[in-house]
Amino acid sequence: MAKKKKKEKKIAKKLLHKYRLVILNEDTFEERFAIKLTRLNVFVLTSLSAIFLIFFTILLIAFTPLREYIPGYSSAKLKKEASILNYKTDSLVQELELNKRYYASIRKVLTGDVATVEFNRDSVIEAARNDIDILQVTTNKEDSLLREKVEKEDKYNLFEESVNQNSFVLFPPVNGTISEEYNIEEKHFAVDVVVANDTPVKATADGTVIFAEWTVETGYVVIIEHSQELISVYKHNSAITKSQGDLVKAGEVIAMSGNTGELSTGPHLHFELWSKGYPVNPTNFIDFQ
């Protein structure tokens, strides 16, 4: 026990033993600065300095832009810019996918690459008759009065008008004799109308020109997108008067007929109609005579 106390006194004596730190002038040995130190003072001062340095470094990193230079840290600005870029990239991917589908449909129109679908006429008629039977419901007096009221309101409505697809009329692009009919078996998804060179070719309905360029096989080609997912195609023209993106009205001149392209056999207009991505017979809707 006495030995232990003696050892503790020895350690305390070492910690509290005083030393003198003196700074002298090397030439004159004049004392410039002196301070009394102990091992305990030095330990306390060193610990406090280390704690202050660590605390100051943490504050510097947490509340100043210097933290951006430390690997693993990122600023709020960079995070915001990364989020915006991610959003834009996602939007561009979706837009590219839509454009890819759109150009694929236009490519089908230009090349006529369409898979035909066989329908059973009797089964379609029977299904339509069944649908009509299902939709036939009994009406009451209140329902009839409501219908009459709505019809009267819509009659004088200047801003809203229900569009009837049956009233959608197509204008003949040219008038002439049909030299080759619409034929699915031979993949001729158009009618060829014989006309003289430089006959004005007119838009069959209001729409937007989505293609107006020269092609090797079909010469000058104009494609117009109309409402109700309808597309009209005009091939073998000698010249075009519209550009891509132009808005046209029904009956407006869009090209001049001709005999251009490797597949042309004489002056005529090759006219196609496409509804929802599938070809339809133009003579069912247009009288070319």
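The structure contained in this document is the topic of the report that follows. Keep in mind it's a predicted model, so treat the numbers as computed, not measured. (Residues numbered from 1 in each chain as written. Predicted model: local features only at pLDDT ≥ 70, side-chain atom pairs only at ≥ 80, totals over all residues. Heavy atoms only, no water.)

With respect to the overall build of the protein chain
- On a plain count of helices and strands, the protein chain comes out with five helices and 12 strands.
- Looking at the protein chain as a whole, 23% of its 289 residues qualify as buried.
- Considering only residue pairs separated by 6 or more positions, the protein chain has 56% of its internal contacts joining residues 24 or more positions apart.
- For the protein chain, the accessible area works out to roughly 22,200 Å², and carbon and sulfur atoms hold 58% of it. (Helix = DSSP H or I, 4+ residues; strand = E, 2+ residues; numbered from the N terminus. Buried < 20%, exposed > 50% of the residue type's maximum accessible area, 1.4 Å probe, protein only. Contact = heavy atoms within 4.5 Å. Areas by Shrake-Rupley, 256 points an atom, 1.4 Å probe, with all protein chains shown as cover.)

Focus on the side chain of S257
- Among the structural elements, S257 can be located in strand 10 (residues 253-257).
- Within the structure, the side chain of S257 is placed 2.8 Å from the backbone oxygen of A196, a separation counted as a polar contact.
- Ignoring sequence-local partners within four residues, the contact set of S257 consists of V195, A196, N197, D198, T199, V201, H236, N237 and S238. (Polar contact = N/O pair within 3.5 Å; in protein donor to acceptor, adjacent residues only side chain to side chain.)

Comments concerning the pattern of salt bridges
- Tallied over the entire structure, the rule returns three salt bridges.
- Across the pair K235 and E272 runs a salt bridge whose closest N-O atoms are separated by 3.2 Å. Of the two residues, K235 sits in strand 8 (residues 230-240) while E272 sits in strand 11 (residues 268-275), which places them 37 residues apart along the sequence. One exposure class covers both K235 and E272, and it is buried. (Salt bridge = Lys/Arg side-chain N within 4 Å of Asp/Glu carboxyl O.)

Section: the side chain of N237
- With respect to the helices, strands and loops of the structure, N237 is situated in strand 8.
- When near neighbours in sequence (up to four residues on either side) are disregarded, N237 contacts V201, Y220, V221, V222, A255, M256, S257, G258, T260 and L269.

Considering a negative patch on the surface
- Together, E180, E181, E185 and E186 make up a region of like negative charge exposed at the surface.
- Relative to the helices and strands, E180 is located in strand 3 (residues 177-180).
- Look at E180 and you get partly exposed, because its relative accessible area is 31%. (Patch = residues over 30% accessible without salt bridge, like charges linked within 9 Å, V, L, I, M, F, W, Y side chains within 5 Å. Lys, Arg positive; Asp, Glu negative; His and termini not counted. Charge placed at Lys NZ, Arg CZ, Asp CG, Glu CD.)

Considering unusual backbone geometry
- Backbone geometry at E229 places phi at a positive 60°, although glycine is not the residue there.
- Along the polypeptide, E229 turns up in the loop between strand 7 (219-226) and strand 8.

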